[in-house]
Amino acid sequence: MRNYIVLFIGCLLFHLAGTWSLPLIDRDEPRFAEAAREMRERADFIVPFFNNQFRFDKPPLTYWFQVASYRVFGENDFAARFPTAVAAALVALVLFGWGKRLRDERTGWWAAIIFTFSLQTFLHGKAAVADMWLVLFVTIAHWTGWELLRANTEHRTSLRAGGSTKPEANIEHRTVFWWIFYFSLGLAFLAKGPIGWTPLLTLAVLKITRRDLRLNSRFHFLGGIALMLVLVCIWGIPALLRTHGEFFRVGIGKHVVERSVATMEGHGASSIWMYLALLPFYFVTVFASFFPWSIRLPALWRNLRARCDDTDQFLLAGTLVIFGIFTLVQTKLPHYTLPAFPLLALLVARRFESLRLSSALPIAMTAVYLAVALFVSPFLARFFPSYTLAKESRPNLKPEMEFAAVDFTEPSLVWYFRDRVHGFMTPLKRKEAGEFMSRSGSRFIVLPTASMAEIFPNVDASWRSYRATGINIPKGRRVDLTMLLKPN
């Protein structure tokens, strides 16, 4: 138990380092953080909103954890990211326990270390998004699925050897893992949708390659899938009824089906030729995402080709299922395959001797990552224009103010200004900006500095002005923004 506590606290502190000094990164982090704030304000834990509009992109599990974090730490960047750090630390615990079951305690330590110090884990273990909760529950489902398969294999091996089994102990052991397996699948869906059900595809692949597996006798799919769907429907049915089916149409139709066959927000292939060219995308980007351990992936592959037991087949099947799904999906981002990283970590950890893993490497990576989190992050804060404008104008912001934006409507504006302002951001066209600021009452507007002379040739002397330069990260462009504030 002491090792579990030390591992959890160490991983939690590692992932939390620097989360308070780096502003939330557009677009996903501010969307999640603000949706959780609005969920808390509305006391509505079924249907998420962002900027007073429905947000159907993701199921609500991440928002629920963020709301709980806000109640403890307040509504700030650290609190929005805290649940993700908890999830990442829990993944390390699962890998430690699973590694011990696979071989020994050393394997468990290496599996937790490899996952934690992978580059993509370092980045997403700090991000206020849903990915790490998806990784956690998919990993738990894979683990318990492996335990159920292992019980099946041990039972058949014992019978072939003429040995005896203890039915009561085996049934009790399998029952616990059966419940955890399907509950994890349900929670994985509530974290990020149908992609959370990939462990079922792992079993399907194993059944195709190993005809002797009697899966239904251990997994009881009919009852288990019904249990999984009941867990989803406890939230899903009220959400569908209250949105007249829009949550399903947009959440599944647009953000799952459409994302699979079309680019979204500029991510992925815009033509059939580009789609074909990007098919190897994840098999290339894994060398950056899984760094530094990715340097041993060619040796791992050679090792697996020479010797691959039942556990290797299971871990490899789960990895290839996740990589295969996202290879076929048209919208592509490097972190989509993150749920496969725990399985990769276990594959590498099982061969730490033959792959010649250096015990000095985790120490070096810890130093590098902590240096980036603690010293580089505060330096980068100046390049976030929404954060800078909100910080500089904070003394003059009032709860009753209205605010709008022209040609820069990134979610970070909503997150940072609603910390002081009760209203919501109004996106405007250039020709509407003057009329907005001419209305009575205190208000402010954010617009590109280059458009100032055209839109407001004569700025009222009583208005306050703030300016910030930085990077529009989603578009990869430099921005120069001005904020005009009308006191009353």
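Our structure is the block above this text.
Owing to the predicted nature of the structure, the values given are computational and were not obtained by experimental measurement. (Residues numbered from 1 in each chain as written. Predicted model: local features only at pLDDT ≥ 70, side-chain atom pairs only at ≥ 80, totals over all residues. Heavy atoms only, no water.)

Alignment of strand β6 (residues 464-472) against strand β7 (residues 477-486), held across nine bridges, turns out to be antiparallel. Its bridge partner being in β7, T469 is matched across the sheet by D480. (Pairing = 2+ DSSP bridges. Helix = DSSP H or I, 4+ residues; strand = E, 2+ residues; numbered from the N terminus.)

Once that is clear, we can look at the pattern of salt bridges. The tally for this structure, following the rule as stated, stands at 24 salt bridges. Between R350 and D309 there is a salt bridge, with the nearest N and O atoms lying 3.0 Å from each other. Highlighted residues: R350 in the loop between α17 (341-349) and α18 (360-380) and D309 in the loop between α15 (297-306) and α16 (310-328), separated in sequence by 41 residues. Connected through salt bridges with shared partners, the residues E34, R37, R40, E41, E75 and R418 form a single ionic network. (Salt bridge = Lys/Arg side-chain N within 4 Å of Asp/Glu carboxyl O.)

A few words now on the sheet that holds β6. If you walk across this open sheet you meet the five strands as β4-β3-β5-β7-β6, and the pairing is mixed. With one partner strand each, in any of the chains shown, β4 (425-428) and β6 form the two edges of the open sheet. Neighbour-to-neighbour, the strand axes of the sheet open up by a mean angle of 20°, direction not taken into account. Strand direction decides the pairing type here: strand β3 (residues 402-406) and β4, joined by four bridges, are parallel. Within β4, the position partnered with V406 by the bridge is L428. Where helix α19 (residues 385-393) meets the sheet, it contacts β5 (443-448), β6 and β7, and its direction lies at approximately 155° from that of β6. With respect to the sheet, helix α21 (residues 430-438) is in contact with β3, β4, β5 and β7, its orientation differing from that of β5 by roughly 155°. (Axes fitted to C-alpha atoms, helices over the stretch in contact; angles between N-to-C directions. Contact = heavy atoms within 4.5 Å.)

A word on a nonpolar patch on the surface. On the surface, W20, I25, V368, V372, L374, F375, V376, F379, L380, F383, I471 and I473 cluster together to form a nonpolar patch covering roughly 1000 Å² of accessible area. When residues of the nonpolar patch are assigned to their parent elements, the largest contribution, seven residues, is made by α18. The topology assignment puts V376 in helix α18. (Patch = residues over 30% accessible without salt bridge, like charges linked within 9 Å, V, L, I, M, F, W, Y side chains within 5 Å. Areas by Shrake-Rupley, 256 points an atom, 1.4 Å probe, with all protein chains shown as cover.)

Cis rather than trans, the peptide bond between D26 and R27 has omega equal to 0°. Between F291 and the following residue, P292, the backbone shows a cis peptide bond with an omega angle of 10°. Relative to the elements of secondary structure, P292 occurs in the loop between α14 (281-289) and α15. Phi angles above zero are rare outside glycine, and N51 is one such case at about 55°. Summarising the element assignment, N51 is placed in the loop between β1 (49-50) and β2 (53-54). A positive phi angle, close to 45°, is found at H220, a residue other than glycine. Topologically, H220 is positioned in the loop between α10 (216-219) and α11 (221-242). Relative accessible area serves as the criterion here: at 46%, H220 is assigned to the partly exposed category. (Buried < 20%, exposed > 50% of the residue type's maximum accessible area, 1.4 Å probe, protein only.)

Okay, the nonpolar core next. Grouped together as the largest cluster of nonpolar side chains are 84 residues, with contacts concentrated most on W98, I114, F181 and F290. The element best represented in this core is helix α7 (residues 131-160), accounting for 13 residues. When neighbours within four sequence positions are excluded, F181 is seen to be in contact with A141, T144, G145, L148, P199, L200, L203 and F219. Counting residues in each nonpolar core, the second largest holds 38 residues, with A35, L397, V414 and L485 among its members. (Core = buried A, V, L, I, M, F, W, Y, C linked by side-chain atoms within 4.5 Å.)

Further remarks concern the side chain of N303. Tracing the chain through its elements places N303 in helix α15. Note on N303: relative accessible area 16%, which makes it buried. Excluding its chain neighbours within four sequence positions, the residues that come into contact with N303 are R351 and S354.

Once that is clear, we can look at the environment of G18. Tracing the sequence through the fold places G18 in the loop between α1 (2-16) and α2 (28-42). Between the C-alpha atoms of G18 and A371, which are 353 residues apart in sequence, the distance is 9.4 Å. With residues up to four places along the chain from it excluded, the contact list for G18 reads A373, L374 and S377.

Residue placement: G245 occurs in the loop between α11 and α12 (246-261). The spatial distance from the C-alpha of G245 to the C-alpha of V479 is 39 Å, given a sequence separation of 234 residues.

What follows concerns helix α9 (residues 198-209). A rise of 1.5 Å per residue sets the reference length of α9, with its 12 residues, at 16 Å; its end C-alpha atoms lie 17 Å apart and thus fit the reference within 8%. Every buried residue of α9 is accounted for by T198, P199, L200, T202, L203 and L206. (Expected span 1.5 Å × (residues − 1).)

This brings us to the packing of α9 against α16. Where α9 meets α16, the closest approach of the two axes is 9 Å, and the angle between their N-to-C directions is 120°. Relative to α16, the element α9 is oriented oblique. The handedness of the crossing between α9 and α16 is right-handed. Counting all contacts with α9, which are made through T198, L201, T202, L203, V205 and L206, the residues of α16 involved are Q313, F314, A317, G318, V321, I322 and I325. Here the contact of α9 with α16 is built from residues that sort into nine nonpolar, four polar and no charged. (Parallel < 35°, antiparallel > 145°, perpendicular 65-115°, else oblique. Left-handed = near helix turned anticlockwise from the far one by under 90°. Nonpolar A, V, L, I, M, F, W, Y, C, P; charged D, E, K, R; others polar.)

Within this structure, the stated rule accounts for 41 aromatic pairs. For the ring pair F32 and Y63, a centre distance of 5.4 Å and an interplane angle of 40° mean the geometry is tilted. Taken as a pair, F32 in helix α2 and Y63 in helix α3 (residues 61-73) lie far apart in primary sequence, 31 residues in all. Taken as a pair, F32 and Y63 share a single burial class, namely buried. Among the aromatic residues, those joined into a ring-pair cluster are W178, W179, F181, Y182, F183, F219 and F221. Between the NZ or CZ atom of K126 and the centre of the ring of F14, over which it lies, the distance is 5.7 Å. When the ring centre of F436 is taken as origin, the NZ or CZ atom of R443, which lies over that ring, is 4.8 Å away. (Phe/Tyr/Trp six-rings, centres within 6.5 Å; stacked < 30°, edge-to-face > 60°. Lys NZ or Arg CZ within 6 Å of the ring centre and 35° of its normal.)

Geometry only, nothing functional implied.
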